[in-house]
Amino acid sequence: KTTIFWFRRDLRLDDNAGLYRALKSDNPVLCLFIFDPAILDQLDDKQDARVTFIYDTTKNLQQELEKHNSSLLVLYSTVEMAWQQVLKDYDVAAVYTNHDYEPYAKKRDEAVAELLTRHGISFNTFKDQVIFERAEITKDDGKPYTVFTPYSRKWKQKLNDFYLKSYPTRIYLKHLLKTAPLPMPTLQDIGFKRSLQTIPDKNYEPYIIDYAAKRDYPAIKGTTRIGIHLRFGTVSIRKAATYASEVHEKTWLNELIWREFYMMILHHFPQTQDHAFRPEYDRIKWINNEKHFEAWCQGKTGYPLVDAGMRELNATGFMHNRVRMLTASFLSKHLLIDWRWGERYFASKLLDYEMASNVGGWQWAAGSGTDAAPYFRIFSPDAQTKRFDLKMEYIKKWVPEYADFSKYPKPIVDHAFARDRCLSAFKEALSK
Ligand code: FAD
């Protein structure tokens, strides 16, 4: 009999909660990864950098597992068909995997659990990608927090060595199923081409020491850029949080708490995936001018800091947090374009795209989310430039033609006009 460990957003052998438990179960473990067309078919860009990243990472995992005389079974088919094949080809005793919290993943896992139960096979799932999940941090009455600060206070109070302890997975790799190397589909087989985009390094330590002082300036590399690694599990959240605690970098630890806060919000309020967290904000009459949207996407709004941000995103799959806040606010407030359009655009481009944080960030910017600034606080792109890119280094890097005013587009809306228009649209929706 065989235990199957199913990799999803936890693509590492070190400190992997579910893999550790699988290896300590009664039977030898075969690892599995499924390229799921339900997810891949939604990606319009067939050169998506995230797919290349996942592809290369699973290939490395397979090579590593082969060093232990095992392999990684990689399938490309619907999840249901993949499982039917696994059950046909192997005498499966139990399946182990880690929790996955997005709405699609939850449904998928329910269906797989049902299928396995019908075959008398247990489906064992574990917390791995967060320190605290779902309802582990609640108010005293058991209700979910909807404001960050008290949530983060409770989070920090509850944190202790138990939650940070890493799982010594490697010691148990000798319990892997012995098998010959297994085939791996090519990127072409799964409908994609190799992306040439650079993936940020997973080494976060050098950026944490000076994080609080440097994190606000987009011209310097003052943040870790490990979002993609936390997203796909190539970095362990327990190790990252342990490091932040050891070096006492509270500001950075706080960012990791924001990540879990938004995941908790999406878990308890799944409708916020595409509805305002504050329902009255769904009454806003968006203008949704497609030409303006196009100009925003391309970084041609005539507001240099907004444009620099969008161009950085388009070129690298990354945008600095300060500029994410500004570009999102600009789209929803200055242009009165539905935040969901921007959320989708970010989702298609960000290497570190994470539904909970993206929806949370967008709703914060549009004023409709948890902890949102009051709607009448509207970022001024010029004031933001003075505060965070005074020497215009970031702007010059991404919008070189800004130096020559004749070549740079005029603002697509006037700031004062857009501000007033936004205030009346929001006031009208919210006063009903
Ligand atoms: P660091 O500053 O080094 O922080 C480390 C990690 O903490 C990040 O990788 C991330 O996992 C987490 N983190 C940091 N800030 C936040 C935050 N405000 N909310 C939640 N988690 C945070 N973050 C995403 O991971 N995915 C997204 O899709 C995403 N979309 C966003 C959309 C908008 C409109 C806004 C305003 C913010 C968004 N963020 C998102 C949050 C934040 O901008 C990014 O996490 C951060 O810029 C990533 O850079 P970094 O990896 O260098 O982070």
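Residues numbered from 1 in each chain as written. Predicted model: local features only at pLDDT ≥ 70, side-chain atom pairs only at ≥ 80, totals over all residues.

Caption draft 1: Representation of the overall build of the protein within the structure. Of the regular secondary structure elements, the protein holds 20 helices and 5 strands. Each principal axis of the C-alpha atoms in the protein carries an extent, and together these give about 70 × 50 × 40 Å. Taking all 432 residues of the protein together, the buried fraction comes to 39%. When contacts within the protein are restricted to residue pairs at least 6 apart in sequence, long-range pairs at least 24 apart make up 77% of them. (Helix = DSSP H or I, 4+ residues; strand = E, 2+ residues; numbered from the N terminus. Buried ≥ 20, exposed ≤ 12 C-beta atoms within 10 Å, placed from the backbone. Contact = placed C-beta atoms within 7 Å.)

Caption draft 2: Structural detail: the domain arrangement of the protein. On domain assignment, one finds that the protein holds domain 1 (2-128), domain 2 (129-166 + 198-268) and domain 3 (279-430). Once you take the C-alpha centre of each, domain 1 and domain 3 turn out to be 37 Å apart. Residue-level contacts link 5 residues of domain 1 with 4 residues of domain 3. Looking at side-chain class alone, the side of domain 1 that touches domain 3 contains 1 nonpolar, no polar and 4 charged residues. (Domains from an automatic or database assignment. Nonpolar A, V, L, I, M, F, W, Y, C, P; charged D, E, K, R; others polar.)

Caption draft 3: Seen up close, the pairing of strand β1 (residues 2-7). Most of β1 is tucked away: 5 of the 6 residues are buried. Sheet topology places β1 next to strand β4 (residues 92-98); 5 bridges connect them, and they run parallel. The residue bridging tryptophan 6 from the neighbouring strand is threonine 97, located in β4. As paired strands, β1 and strand β2 (residues 29-35) are joined by 5 bridges and run parallel to one another. Across the sheet, the residue bridging to isoleucine 4 is leucine 30, located in β2. In this fold, the crossover linking β1 to β2 by way of helix α1 (residues 17-23) has right-handed handedness. (Pairing = 2+ DSSP bridges. Right-handed = clockwise from strand over helix to strand, strands pointing away.)

Caption draft 4: Molecular detail of the site of the ligand. Taken together, 26 residues surround the ligand, and among them Thr223, Thr224, Glu255, Asn358 and Gly361 come closest. Elements that contribute at least two residues to the shell around the ligand include exactly α10 (227-232), α12 (250-268), α15 (321-334) and α17 (355-366). Classifying every residue of the shell around the ligand by side-chain character gives 12 nonpolar, 7 polar and 7 charged. Split by domain, the shell around the ligand shows at least three residues from each of two domains, domain 2 (129-166 + 198-268) and domain 3 (279-430). (Near = placed C-beta within 6 Å.)

Caption draft 5: Looking closely at the sheet that holds strand β3 (residues 72-76). Read across the open sheet, the 5 strands follow the order β3-β2-β1-β4-β5; overall the sheet is parallel. Where the open sheet ends on each side, the last strands, each with one partner, are β3 and β5 (122-126). Along the sheet, successive strands turn relative to each other by an average axial angle of 25 degrees, direction set aside. Bridge analysis of β2 against β3 gives 5 bridges, and the strand direction is parallel. Across the sheet, residue isoleucine 34 finds its bridge partner in β3, namely leucine 75. The sheet strands contacting helix α4 (residues 79-89) are β1, β2, β3 and β4, and the helix crosses β2 at an angle near 155 degrees. (Axes fitted to C-alpha atoms, helices over the stretch in contact; angles between N-to-C directions.)

Caption draft 6: Expanded view of the nonpolar core. Judged by nonpolar contacts, the single largest core of 73 residues is most densely connected at Met263, Leu305, Ala308 and Leu335. Ranked by the residues each element gives to this core, the list is headed by α12, at 9 residues. Within the second largest apolar cluster, 32 residues are counted, among which are Phe5, Tyr20, Val74 and Val86. (Core = buried A, V, L, I, M, F, W, Y, C linked by C-beta atoms within 7 Å.)

Caption draft 7: Fine view of the UniProt feature "domain: Photolyase/cryptochrome alpha/beta" (unreviewed entry) in the protein. The residues that UniProt annotates with the feature "domain: Photolyase/cryptochrome alpha/beta" (unreviewed entry) are residues 1-131. From the first C-alpha to the last, residues 1-131 spans 33 Å; its make-up is 44% helix and 23% strand. (UniProt positions renumbered as here; feature names shortened; annotations may be inferred.)

Caption draft 8: Expanded view of the packing of helix α14 (residues 304-316) against helix α18 (residues 381-388). Their axes nearest at 8 Å, the elements α14 and α18 cross at an angle of 75 degrees. With respect to each other, α14 and α18 are oriented roughly perpendicular. Contact with α14, carried on its side by Pro304, Leu305 and Val306, involves Pro381, Gln384 and Thr385 of α18 and no other residues of that element. Of the residues contributing to the contact of α14 with α18, the split by class is 4 nonpolar, 2 polar and no charged. (Parallel < 35°, antiparallel > 145°, perpendicular 65-115°, else oblique.)

Caption draft 9: Up close: the packing of α15 against α17. Contact pair α15 / α17: the axes reach a minimum separation of 8 Å and the direction vectors enclose 55 degrees. By the angle between their directions, the pair α15 and α17 is classed as oblique. Helix-helix and strand crossings are classified by hand; for α15 and α17 the assignment is right-handed. The residues of α17 that touch α15, namely those facing Arg324, Met325, Ala328, Ser329 and Ser332, are Gly361, Trp362, Ala365 and Ala366. (Left-handed = near helix turned anticlockwise from the far one by under 90°.)

Caption draft 10: Representation of unusual backbone geometry within the structure. In this model, aspartate 15 sits at a positive phi of 45 degrees, which is unusual for a non-glycine residue. Tracing the backbone through its elements, the reader meets aspartate 15 in the loop between β1 and α1. You will see that asparagine 69, though not glycine, has its phi angle at about 60 degrees, which is positive. On the secondary structure map, asparagine 69 appears in the loop between α3 (49-67) and β3.

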